[in-house]
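# Geometric and topological summary
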Amino acid sequence: MKKILAIVAVATTLLLTGCSQVGSAATLGSTKISQATVQSSIDAILAARQGVDTSQMQIETGEVLNRGQLRFHLLTALLREVGKEIKLSVSKAEIDTRRQSIIDQVGGEEALPNALVGAGIALKDFDQYIEAISLSDKITQALTAAGVSEADMGAQISKLVVAKAKELGVTVNPRYGKWDPTIADIVASDAAGTAVTPTE
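Scope of this entry: the structure provided in the associated data block. (Residues numbered from 1 in each chain as written. Predicted model: local features only at pLDDT ≥ 70, side-chain atom pairs only at ≥ 80, totals over all residues. Heavy atoms only, no water.)

## A few points about the pairing of strand 2 (residues 31–34)
Pairing between strand 1 (residues 24–28) and strand 2: four bridges, direction antiparallel. Residue pairing in the sheet places Ser24 in a bridge with Ser34 of strand 2. The turn joining strand 1 and strand 2, which pair antiparallel and follow one another in sequence, is formed by two residues; a positive phi near 60° is taken by Gly29. (Pairing = 2+ DSSP bridges. Helix = DSSP H or I, 4+ residues; strand = E, 2+ residues; numbered from the N terminus.)

## Considering unusual backbone geometry
Within the chain, Lys87 stands out as a residue other than glycine whose phi angle is a positive 60°. Residue placement: Lys87 occurs in the loop between helix 3 (62–85) and helix 4 (92–106). By relative accessible area, which is 74% here, Lys87 ends up exposed. With a phi angle near 50°, Ala184 is a residue other than glycine that sits in the positive phi range. Counting through the fold element by element, Ala184 comes out in the loop between strand 4 (178–180) and strand 5 (185–187). The exposure class of Ala184 is buried, given its relative accessible area of 11%. (Buried < 20%, exposed > 50% of the residue type's maximum accessible area, 1.4 Å probe, protein only.)

By themselves, these are just geometric observations and shouldn't be taken as functional.
Here's what the structure looks like:
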């Protein structure tokens, strides 16, 4: 009886792991980014492009768009974790203030859809984008106060993000590419590239 229960337990664990992997685009520690979340961003971007002249824009398509949207969600999660470690966060009031400032800069509400399409940001992710850049700014300010020079700032922020990614552990669903822990980024998967190469 115990043996049967053990086998059932193992089988259930494998099944659940398989299911979670299928539905997961990436994980960062205990934070999961679902494929549905990433696909929702992609769908929103593609829908927004319908009403915009994109002929003069450098827009992402296909797997580059997929990878770019997962990168956006993953990087935001990483910045949140870095911010948490050094006691930094972004309030809703700060996001609202910055949103209005960006809207004013791009020429008002009417011009916002074009600006977001050009930047590759879904309208529904606009607040998350603002949170990410605000966190990045606050981390920059904290490092400046700690004596980091402007010239070293980019490298120092990258080092913090890479270290946090290594500490928490990142997994990326192969359909989006592969995780490069040395630069904390999702890169195109060589395996996918060679798999579709026709043989002589």
